[in-house]
Structure formats: C-alpha cells, structure tokens
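# An overview of the molecular structure
Listed below, chain by chain, are the residues.
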Amino acid sequence: MAVSAPALHDALADIAGREHVLREPAALAAHAIDAMRPAAVVCPANAEEVGRVLALCAAERLAVVVRGRGSSLALGNPPRRLDVVLELSRLAAVRDYVPEDMVATVEAGVTLGALAAHLAPQRQMLALDPPNGDGRSVGGVLATNASGPLRFRYGTGRDLLLGARFVQADGALTWGGARVVKSVTGYDVPKLLVGSLGTLGVIVEATLRLHPQPPATRSWWLGFPTHDRARAFLAALLDSPLQPDRAALIDAGGLRRAGLPADPFAFLLSIGSVAEAVADQGQALERLALAHGGRSQGLAESAWTTLGQVLNGPILLRLACEPRRLLERMAGAQAMAGRLGVEAAVVAQPGHGVAWIALSGSPAPAQVVREVTQLRRALEPEGGSLVLERAPSGLKAEAEAWGDINPEILRIMKRLKSEFDPGDLLAPGRFVGRL
Amino acid sequence: MTQATGTPLGAFDATDAPSMDGLRACVHCGICLPQCPTYRVLGEEMDSPRGRVYLMRAAAENRIGLTPTMARHLDLCLGCRACETACPSGVPFGQLLEATRGQMERRGIAAPGRDRSTLRFLLDVFPHPARLGAMLHGLRMYQWSGMQALVRGFGLLAPFKKLQAMEALLPPVPAPTAPLPEVIAPRGPRRGRAGLLLGCAQRFFYPDVNADTARLLSAAGYEVVTPRSQECCGALHLHAGHVDELRAMARRLIPLFRDVDVVVANAAGCGSALKEYAHWLPDDAARLFSERVRDVSEVLAGCDLPLRPLRETVTYHDACHLAHGQRVRAEPRELLRRIPGLTLVDLPDSELCCGSAGVYNLLEPEMAGELGRRKIARIRETGARVVAAGNPGCLMQIRQHCRAQGLAVEVVHPVTLLARALEER
Amino acid sequence: MALPSHILRALEGIVGPGGLVVSPEGLLTYECDMHTFYKGAPDAVTLPQSAGQVAEIVRLCRHEHVPIVPRGSGTGLIGGAMAPVGGVMVSMTRMNRILELDWENRCATVEPGLINLWLSQATRERGYFFAPDPSSQMVSSIGGNASTNAGGPHCLKYGITVNHVLGLEVVTGAGELVRLGGKTHERPGYDLTGVMVGAEGTLGLVTSVTVRLTHVPEGVKTILASFSTIEDASETVSAIIRAGIIPAALEMLDEVVIRAIEEGIGAGYPKGAGAVLLIELDGPVAEIEAQSGPIEAICREHLALEIRVAKSEAERALLWKGRKEAAGVFGRLTPNWLLQDAVVPRSKLPAIMRELQDIGARHRVVIANVFHAGDGNLHPLICYDDRVPGELERAKQANDDLLHACLRLGGSVTGEHGVGLDKSQSLPLQFAPADLNFMARLRRVFDPDSIMNPGKLLPSHPACGEGFRPAARPLPAGTWI
C-alpha cells in the first residue's frame, strides 16, 4: 500500500466521518479476512459515500473487500491483497415499497430479518431464506447467491433481483436492470452481479421482486429408510401436481443436529396456499410418502429456522450435480466424511441438485484436499462442482475454494474482470480462477 | 381477388393482376411458416408463404420486377393453401399465387430449367378425354405386356429423372369400363338430383371411385345425373395460372349441370376449383353453379346410410384442396366413424401436403419425393392398415411412396370404404 | 453493397451452395421481421446446420470485419432480425432439432431454430411442457426466445425465458464456441448464461439451449370477464393483485381488438364489451377452486357485465387462439401500426390506461390494446395508414408521449419484445450515461470487433462510445428513428 495508514484513515474519515472508520489494531484484527488484516475498515452511510470510498481506493490502488453483516466472509479464496474493508451495514434503509406492485427497493445493508418485518404487515415476503438469514444483509446474500429451502419454488437471487444500483471499481454509481417485474431493456446486468462476490461492482441498492405470503402453511417431515426409496419418492413428487414451496433433503447426520427423527434420509417440505389446498395437498403428500415406503409426521414452523444451524461448523462444502444424481452424491459425501474420520451433516435442495455438507472436527488437511480434488474430478463430466464455502484459510489456499473452471469460460470471465476492474482492486484473488 | 382490367400494378400488368388489398393484408406475422410444406423442408424465407407474398408485393410496389428467380420460388409452391388456413389476417394466398403465375405465364417469365413442356403436355392432354383415353390405352399395354416390369426391374428410366418419376406414379391402369348410366334412380324416397363430376384422373385411373360415389348417392336418395359430354374442370390449368383456359373450360362445363340440386365432386382438386368458378367468372351462371358444388363427403354426411361392419384400422389423410381449399375436414372423418367396427386413428400432420399437389410431383420430383417420404413415415407411425384420402393425386402419390418405403397399407378413397360397407337391399 | 467474392466463396465453403442465399429476390425476403417498418437486407444469408458451421461463419466475419445478424423465425417486433448495414445474416431455421429430452433431470436440450410450441408438444404426453409461452410460440424459435428473453401471458406465474434456461452453447463475437451453464443448476463464477439471455445476438449466436421442463398443472380454469370500460377492467386487475392472488395469466383486450379477433378468428369474445379480462388459474385443483370465487367476486365488485368460465378444453383453446393470434389480425384493423411494449408498475395500470386514451384523442389516432395486464406490460397498438399524409407523424408522436408517460410512472421501455432497432434510442430515457457505458463495455468483452448485430440494443450515444459501430462500415445517416 503506497499511502500511509494514517493518511488513509484521514481520507476515509473525510468521507464517512471519524467515528465510522476503524483504525485500532484490535478492531482491524477482528475484521481480518482469511487471516489477512486490512489497514482500515470504513462504514459509509449511503451510496454516495460508497462511491467516494471506491474512487479513493481506485486513485490509491487499494484493494477492497466488501462486508455486509460479515456472515459469508469465509466464502472465496484468501484475498491476494487487502487494504480496506468496506462495510455496508449503515446502508439500512428501505427505499421504496409499493405493496400493490409487489416490488421493494432496499439498501444493501438491510438484513433479511428487517425486510421481512417490514413486509409482514402487508402479508408479503422476499422469497429468500438462506441459513441464519435473519441477520444477513441483502447485498451479501445477493453477492454470494445464498439460498435456502424456498429455492424449491421461488428460485434464487438471480430470479428475484430486478434491478440494482452498484458502484463500479472506479467509484461510478451505476444502475442496471429495472424497477418492474418484466423488463428486457438492455443487458441483464443484475444477473452479472448476483453471485459475483463484489468483484465487478459493489451492490448498494437492490430492487426485489416480492411474493404474497400464503394464507395458510403447513410443514411435514417425511423419512425414508433407504437412498433408493428416497430417490423414488423425490421423482414421484416432482412428477406430481403438488406444489411445495420449501424443500430440504437431509441425511441422518443433519437430522440429528436438527433434533429431528434421524431416519437415513428425510425430506422437510412445506405447502403454502389457501387452507383447502394445503389440507388437500398435505394428504396427497402423506399418501405419496407412504406409497414409497416412508413415514410422515407434522413439522413445526420453527424447525425451518433451526435447520439453519445444522450447517454451522468449521468446514462447509457446497456440492452441485445433475439433479437426478443428488442422492447418489449425498451418499458419496457421507462416505467421504467416513474416510476423513469426521461427522457430516448434509442438507440438500431436492430438484435443483445442490447439497451443503458440513464437516465437524479437524480432519487432516492433506486428506481433505485429496478428497475434494477427487470428488471435483468425479463431478466434472456432469458439469458439477464442489465449493469450499467455509474452511480454515490454509485448507482453502491449498484446495482452492471454487474448483477448476473450464479454461475457455474462465478466459471470458477474466475479460469481464479486467474490463470492469482493470486495477484488480475489488476482492482480488477471491473469486473463481483466483480472479 | 383480382382487378380484372384496370391500371397496371407495379411490375404486373392490368390483366388479372393479384389484388393489392390481398397483398397488403399480410402483416408478416409468420404464422403460416410452420404450416408450409416447402418451408418445413427447406427452412428458407423465400420458399415460405410469407416470403412468396413479400415477393409478389414487392413486384406490385415496383421494388422488383417479375423475374425467373421469383418464378422458381413460386414454382416450388405446392398451392396447398395450408397457409390460408393458418393466416389470421385472411390473405387469399391461393388467388394471389394463381394471378401471379398467370401473369408470368402470359409474359413468358419462367425459372431456368423449368419443365414447361411437361406441364404443357399434361394441360393439353387432360381436358380432352379422348386424348387422355388414348394415352392411357398405350400405358395399359405397357403394363399388361410386361414391359413395365422390365423397365422397373432394370431401372431403365434412371437417366430420365422426370420420366422415371412419372412412371413410378403410374397406378395399374384399369381396363376400360362401361361408362356410368346418364341417370341413376334414387333408392328409397327421393332427396334431390345430384350431378356427378367424373374428373379426368378419376374417371380413367379410378373409375370404381366414381361408380361407388354414384352408388352411395343413389342409396342416399339422390337421382344421380352424369352428363356424358363433360370434360375437364380446369383445376390444373387454374393452379398453373392459365386463367383464360380455365374460363373456357368452365363455360363449357357449367351448362351441363344446369338442372341439378347439387354438383358432386369426389376429387378434392376439382371440387375446390369448381367452388372458385364464381371468383374467376363474375357472372350469375358461375355464381349459381359454384354455390351448388359440394364434395361427396359433405353430401353424404347429411344422409343416413345403412352400413355393415367393416373391421379395419384406418387413418385419414387430408387432401389439401379438401381441407384447406374447401375447409372440409370433419365430414370425411365423421362418415368413416359411422362404419361399425372401423377404428379411425389420428394421423399426425394429416393436413401437411403429401407432395402430389396436382401434377407437382411430375414437375418437382425432389420436393414431392421428400414430402411423400415424410407422409409415409407419419402413416407408418399410426399402425393403420388402410389410408383414406379424397383425391386421386394423393392416392397415387401415397401409394407410390408406400411401395418405395415397403409399407404395406391399402390406399383408398373414403367412398370406397363406405361402398364396401354399404348394405344393399 | 455486395460482399467481395472471396468472402462469398468462403461462406459457400462452410455451408455449401444450398446453404447460401445471394439472389436479390432471396435477400429481399430477409430484409425485415414482423416489424416491417424496419427494413435492411443482408448481403448474404447463411443457413448453417451445425454449431461448428456457425463458429466458422463468425470467425470468418470477424476476420473480414463483416457484420453478422442472427435470425430465427423472423417474428420479432423490434426490427431485430434485419440488417441495417448489410452483412451476413445467419438463419438458424435449419438447426431445429430436439437434441435430447432428459426426463430424469427434467430438462431438454434443443437447437435454436426449434419452434417453441413444438417442444411442449413433444413433452406434453409425459406431463411436461416448456413454460415460456410468447404469443408467437407457434412459430417463434427457442433461440429467438432466449435472445430476446421472451415473456408471454403465463410468465406472470411461471417467469420469463431466462428463468427457464439452464445453459446455452454460444459462439461469441470473438469466435469462441463455448458451453455456458448446463444441466446443473448451480455453477461457480459469473452468470454468463443469465447475461447472454436477452442479449439479442449482440454478445454471441446461440447454437443450442438447455431448458427446464415444467410439470403440467393438475387443473386449469379459464375465466373471461367483460366490462363496459377499460377503467373498470384495469381496476379489477389491480384489485386481484392486491388481494395476493397471482393467476397464471391475466390478459386484457379492448373492444377494437375484440372486433378484429371475432372477424378474423371467431374465438367467442363478446362483441360490444369495452374491455375483457382473460384470466387463467392453474395448479392444484383445490387451489384454483378456492381462488376463482374471490376473483369472480372482485370482477363483480368492479362492474363486470358478464363472467364466463370455459367449459371445455376446446373452448379454452379457442379463447387463447384468439388472444395469441391477435397480432395476426392487426391487418384487419389497420394497414400500418406502431407497437409499444412498455411496462408500468401494476399499481399504475388504471392511471396509464387513462393517459393512453387521452394521448389517442390528443393525436387523433386509434390505439388498440391487447396485453399482459397482470404484469403491467402494455402493448398499445397505434394504428395509422401510411398512404394518408400526416398519420405516421401523429402516430409517432403518440408513441413518444406514451413511452414518456410509462417511464414517468416508474416503468420500463420494453417488457418482453426487446430493444432491437426500434427502442435503442429510447434507452437514454431509462439509463444514465454511466449505465449505458457499462453495457457498452460489457458488449465489447464478448464482441471486441463490434461485428455482432450492429445498431441493435444500444443507442448511438456518446456514452456507448465507438464500441458498437462495426469496424469497417460507418452507419448511414438517418437510419435511426
């Protein structure tokens, strides 16, 4: 870093105010990312201040990593450089909400919990429920493309983000997308931002598509004794006219952690609709489970929240595969945990072929690297992937957080990165291919 | 729609020019494209109805002239009018095509390599039953003497593509039969008087279809009148754009059917042309005539026929000039379903032209062959043992391609099945 | 402007003589899509039959600095599939096969020229369909749908094309043949698939599409509600959404359009109604039964003259045929038209419809309406006759006023048709220079030599820089509206 730390602190203080710049060693240590300590942490109040901060960093060639509420900072490779942590928690306003349009515009620092509270009186919701979501910022959830059981019916941030205001690497405040539910005016820039880990631009404001909260909702736990029966049930469910809104497929390890009956595999499903339809579909669901050798019982609404804690722990992997192979891959993950001598808890999104695998204990890093590499190779032919969402920094550095990307595609991604962040200042090295 | 004589229209002269309103009705939506057989095969805009109308309109607006290349794209058009069925705007494609072909023909604009001589030969032979009869006598000899077996067996016509195509289409030419009586009495209470159009191909290649038609009409209560001196209805000439020849033939035909309640056609192409006489001859006689024309299936659908069981699995192919030209689709199917024991299976793409399209399969064997192959593939998928179609051209085309593809199905006119099932007291 | 013979020879070498169109007559038929207002013939049309051929064509054109214009079925409404500065048109119509139906993964991989409806026809027997249903679906291609991110009446419930595309194989403007996305639903890295959908051929040519298949709903109920005024119908739409009910489709048609449909198609719409709503519910039977009561009540509250429920599949199909073929019956309404695709927030629907009627009166033009009221996506059809002096100008004025009104209410320039040539100059109304500049740079990442569909999607605007002009051919003056 060419500029001195005190000079940097002063410059940032000019933008955000002295009290919103952290400079004490202890505070900086607390904001380290993968054991890399920043020179400063700044918490701007609004988009305009964010723009000025980034312009400053661009001028002084300072590497920046953005932080919402800090819940997903573990995601990504250790940064190549880190000078400033840019925190957006003060961008916490709901800018615009028209219940009749079912669209809301919020600043990036608004938490999902705060947003839900804001929408509840109108009986509307943002259909995004990643684990421990209440405390997570909208910007963070979008930048990491985090998702939860509601993904089954409503998709991810990619399907819910209509428009975004973001700040480019040079500080320019930019808008992409639209404020209405249907728009094909120009490129779908919001798609580019979702899941990009802030490496192309920093989201400061998001216009989101909302959904009505269903008038009635009920949930079920459906347990199955074998992998085959679970698979057959899933196929039958997807081929049926039933429309669950939340779904999770959990293994015994995960069920135990969640305090639920620990059959080898269990589906947690909820149905939200008018009361008659909920009752009707619920009965059909129970019958279907029975017909496939499973058993069912009611599930409390609170179970969905506790589910979020199942995946806590030092190592979290995200596996993606062809939807039809999900159960097979879940079994493979359990076998891997066995070989590593650790316990695993697997929570998957059925129908989408995504599974999160939490490993407990401290497995030998070299062995983990070997297993991860092997599994990645096995997933390659079907275009699958294995991402280290959370792991000790040493492990991430060795195994590389994301896995290999097809070289031709990586070339295009590199061109995007160079175009929009020519100085390589936004989370350098954190993203795929160490972009 | 034509503007009979008036101001010239761009590159068109004033005689029987295509209607500008008709051309302008096209909004370029493209809904016709997937229904067009040549577009399905080639995937090119200029061989689609939308593209063809665009070219005709461009000529009418003087953006291009009437050129040999345009002639080629119009030649490739089957004239099946599936596009008219699909078109939400009501573009009168068939008439625009015929008017444009007429102009090109009259001014000698033809595609390079176009086989005008074959077309001319066919158009000269068909209107004259005597000539047609003589030619067929020769062909009958060709078949009976064993020459055909030799020719086909050794592929002797291989170097002569057109001739080979024609030869392949040739069905067994039946021995000459006695002509139908001029008047056949109705059975049971008299419903009316029906005039029977014998057709050209029908009367020589499928005289049994005419005989069955007469039998069925009589059983339905019609006095059947078959004017002896009737010649060709001019359908082939019309579709080729030879409008004046059509008018001449129409004027000779119309008076022969003066005293009938309904004029019955059993060949789709003929029926369609007869129904359009009023458009090309704007006089009362033609109008009154056209109003009385019906396909045999339309007539029989309104009658009770005593039918015995006939256990067959049948699939029905829509002849273009019946489905699209006359919008007759339900009646033939309804009649077949009335036969006890007969199972009618749906033919996917039943409305897609088989490639016969009048004499198209003699002039454009490649495209016709591709469409024939596709039609047989669809027929094969149904598992039916019998295919029914209401047009002699279709019967020849489908029969030929079934043989070529090794598909053993019986190919018949719907009236043949009805006659087979008819209970005669 | 003809292409030099060495380029034509090279193209012929790639697609064969049967795959190359160079006659003036042939090229003329490719000079426009459904929006015939925008005409521009290409210098040659190629009809490739494989991704490899497409890649070779792009590489050749890049090397020779020749613009490329992709074309599907040519049913677009934005002057997209035409060549304003000539070049090579790449028609995907011969690449129209279903490559794979993967039931286990519930997805299909198809060539871009496959007609949208044909995919659903192929999968319906197994209980699945392809959900995006633009009104043109009986002829538009899936590649075209992906390139414009097509919507349709049922996107209200099911989402638009991008929500159903899992992956694309494309040839970028740089000539790279790459597979983006695929059967897995999650992939690390930037969402290149998401950016490519709706890019209108400016970032690359689509050579295959992998799409999600959706399960056919258990039940469907189609309701036709007629009203004496557009006002009543608009208020009904807002009220239905406010009540938290999202139908599968919620369409509005006004009396001008109804008259044309009944004349041309005879679909059973009530002549004499000021406006009708075509409301469709689909999903579990218990759910649609419970929702239809409240919907009918809302209609009655807003003075519905008649509420009819389709009693058979045939009746339902006919009502939809009338709606979907409405574009085709435009010819009966008017010799010429301008068509808008602007969107307003749903809550502003009654306001914009009032404004629309004022605009029509002010400029003395007839404006017909058939549109997706449920998403606030308008399709005002501004009628004129180009043979009558002054009508085109008045129509353009009305078009402009309407667009500005929609944007003032917080809407968007285009909901589903796309930008093409027709709306590119309107983008600065919705985007600031920094936003346009971002998009222009995005385009250059994929199309460094600016050969892909020049003149489309982005405007001639300083913020877009030199980037989108084709390298060797300056745009003729006065090309833009």
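The model shown is predicted, which means the values in this text are computed figures rather than measured ones.

It is worth spelling out the overall build of chain C at this point. Broken down by element type, chain C carries 16 helices and 18 strands. In terms of overall size, chain C behaves like a compact globule, its C-alpha atoms giving a radius of gyration of 22 Å where 481 residues would be expected to give roughly 23 Å. Along the longest, intermediate and shortest principal axes, the C-alpha atoms of chain C span 70 × 60 × 45 Å. Long-range pairs, those at least 24 residues apart, make up 71% of the contacts in chain C with a sequence separation of at least 6.

Another aspect to go through is the interface of chain C and chain A. Each partner contributes residues to the interface: chain C has 72 residues there, and chain A has 66 residues. Within the residue set of the side of chain C that touches chain A, elements represented by two or more residues are β9 (177–181), α7 (192–196), α8 (230–242), α10 (285–301), α15 (427–430) and α16 (433–446) of chain C. Among the elements that line the side of chain C that touches chain A, the one with the most residues is α16(C), at seven residues. Per-class residue counts for the side of chain C that touches chain A are 29 nonpolar, 28 polar and 15 charged.

The topology assignment puts A:Tyr187 in the loop between β9 (173–177) and α8 (189–193). Taking C-alpha positions, A:Tyr187 is 24 Å from A:Ser147, a pair spaced 40 residues apart along the chain. Aside from chain neighbours lying at most four places away, what touches A:Tyr187 is C:Val195, C:Ala199, C:Met439 and C:Leu442.

With that settled, the discussion passes to the pairing of strand β10 (residues 204–212) of chain C. Residue and element names in this part refer to chain C. Counted residue by residue, β10 has eight buried out of nine residues, so it is predominantly covered. Relative to β10, strand β8 (residues 165–172) is paired through seven bridges, and the arrangement is antiparallel. Bridging across to β10, Val171 finds its partner in Leu205.

Turning next to the domain arrangement of chain B. Residue and element names in this part refer to chain B. On domain assignment, one finds that chain B holds domain 1 (2–106) and domain 2 (312–421). A separation of 27 Å is found between the C-alpha centroids of domain 1 and domain 2. Each partner contributes to the interface: domain 1 provides eleven residues, whereas domain 2 provides twelve residues. Sorting the residues of the side of domain 1 that touches domain 2 by element identifies α2 (37–42) and α5 (82–86) as the ones contributing at least two each. When grouped by side-chain class, the residues that make up the side of domain 1 that touches domain 2 number six nonpolar, three polar and two charged.

On to the sheet that holds strand β3 (residues 183–184) of chain B. Residues and elements named next belong to chain B. Reading across the sheet, the five strands line up as β3-β5-β4-β6-β7 and stay open at both edges, with mixed pairing between neighbours. On the outer flanks of this sheet lie β3 and β7 (293–295), each paired with one strand and no other. Of the strand pairs in this sheet, β3 and strand β5 (residues 222–225) are connected by two bridges, and their pairing is antiparallel. Across the sheet, the residue bridging to Ile184 is Val224, located in β5.

The domain architecture assigned to chain C consists of domain 1 (5–91), domain 2 (98–215), domain 3 (217–328) and domain 4 (334–415). One C-alpha centre belongs to domain 1 of chain C, the other to domain 4 of chain C; they are set 33 Å apart.

On to the sheet that holds strand β6 (residues 107–110) of chain C, then. Residue and element names in this part refer to chain C. Ordered by their spatial adjacency, five strands build an open sheet running β5-β6-β10-β8-β9, and the pairing between neighbours is antiparallel. On the outer flanks of this sheet lie β5 (98–102) and β9, each paired with one strand and no other. Here the average twist between neighbouring strands, direction ignored, is 15°. Bridge count for β8 against β9 is five bridges, and the pairing is antiparallel.

The next subject is α8(C). Residue and element names in this part refer to chain C. With 13 residues, α8 should cover 18 Å at 1.5 Å per step; its first-to-last C-alpha distance of 18 Å lies within 8% of that length. Taken as a whole, α8 has its buried residues at Ile230, Asp232, Ala233, Ser234, Thr236, Val237, Ser238, Ile240 and Ile241. Against the buried residues of α8 lie β12 (219–227), β13 (249–254), β14 (275–283), α10 and α13 (349–363). Just beyond α8, the residue with positive phi is Gly244, at close to 80°.

Before going further, it helps to spend a moment on the environment of B:Asp13. Residues and elements named next belong to chain B. Looking at the secondary structure, you find Asp13 in the loop between β1 (2–3) and β2 (17–18). Take Asp13: there are 15 C-beta atoms within 10 Å of it, and that puts it in the partly exposed class. In sequence terms Asp13 and Pro37 are 24 residues apart; their C-alpha atoms lie 30 Å from each other. Once you skip the residues sitting within four places of it in the chain, Asp13 turns out to touch Pro8 and Gln103.

Another aspect to go through is the confidence of the model for chain C. Residue and element names in this part refer to chain C. Per-residue pLDDT for chain C has a mean of 92; in total, 96% of the residues score no lower than 70. Between residues 466–481, whose pLDDT stays under 50, and residues either more than four places distant or in other chains, the model counts 29 contacts. The ipTM, which scores confidence in the relative placement of chains, is 0.96 for this predicted complex, and the corresponding pTM is 0.93.

Once that is clear, we can look at the packing of helix α20 (residues 330–338) of chain B against helix α24 (residues 414–421) of chain B. Residues and elements named next belong to chain B. It is the contact of α20 with α24, at a shortest axis distance of 10 Å, that shows an interaxial angle of 25°. Our classification of the angle between α20 and α24 gives roughly parallel. Taken as a pair, α20 and α24 cross one another with a handedness that is left-handed. Contacts between α20 and α24 involve Pro332, Leu335 and Leu336 on the former and, on the latter, Pro414, Leu417 and Leu418. A per-class count over the contact of α20 with α24 returns six nonpolar, no polar and no charged.

Facing 27 residues of chain B, the contacting portion of chain C comprises 30 residues. Contributing elements (two or more residues each) for the side of chain B that touches chain C: α3 (49–60) and α4 (68–75) of chain B. Considering every element that reaches the side of chain B that touches chain C, the biggest residue donor is α3(B), with four residues. A breakdown of the residues in the side of chain B that touches chain C according to their chemical character gives 15 nonpolar, nine polar and three charged.

Bringing the arrangement of the chains into the picture now. Among the two pairs of chains that make contact, the interface with the largest number of contacts is formed by chains A and C. Nothing in chain A touches chain B; the tightest C-alpha to C-alpha distance between them is still 21 Å.

Let us now look at unusual backbone geometry. For B:Asn62, which is not a glycine, the phi torsion comes out positive at approximately 65°. Here B:Asn62 is to be found in the loop between α3 and α4. Despite not being glycine, C:Arg364 shows a phi value in the positive range, around 55°.

Bringing the environment of A:Arg69 into the picture now. Residues and elements named next belong to chain A. The residue Arg69 is located in the loop between β3 (64–67) and β4 (84–87) in this model. It is 24 Å that separates the C-alpha atoms of Arg69 and Asp10, two residues lying 59 residues apart in sequence. The contact partners of Arg69, leaving out residues within four places of it in the chain, are Ser89, Thr111, Gly135, Arg136, Ser137 and Gly140.

Bringing the packing of helix α13 (residues 326–340) of chain A against helix α14 (residues 365–379) of chain A into the picture now. The description of two helices packed together rests on the angle between their axes and the distance between the axes. All names here are of chain A. Put simply, α13 and α14 touch, their axes get as near as 10 Å, and they point 160° apart. When the interaxial angle is binned, α13 and α14 end up roughly antiparallel. For the crossing formed where α13 meets α14, the hand is right-handed. On α14, the residues touching Met336, Arg339 and Leu340 of α13 are Gln367, Val368, Glu371 and Leu375. The class makeup of the residues in the contact of α13 with α14 is four nonpolar, one polar and two charged.

So, how was this worked out
Residues numbered from 1 in each chain as written. Chains lettered and ligands numbered in written order. Predicted model: local features only at pLDDT ≥ 70, side-chain atom pairs only at ≥ 80, totals over all residues. Helix = DSSP H or I, 4+ residues; strand = E, 2+ residues; numbered from the N terminus. Rg over C-alpha atoms; globule rule 2.2 N^0.38 Å. Contact = placed C-beta atoms within 7 Å. Nonpolar A, V, L, I, M, F, W, Y, C, P; charged D, E, K, R; others polar. Buried ≥ 20, exposed ≤ 12 C-beta atoms within 10 Å, placed from the backbone. Pairing = 2+ DSSP bridges. Domains from an automatic or database assignment. Axes fitted to C-alpha atoms, helices over the stretch in contact; angles between N-to-C directions. Expected span 1.5 Å × (residues − 1). pLDDT = per-residue confidence, 0-100. Parallel < 35°, antiparallel > 145°, perpendicular 65-115°, else oblique. Left-handed = near helix turned anticlockwise from the far one by under 90°.

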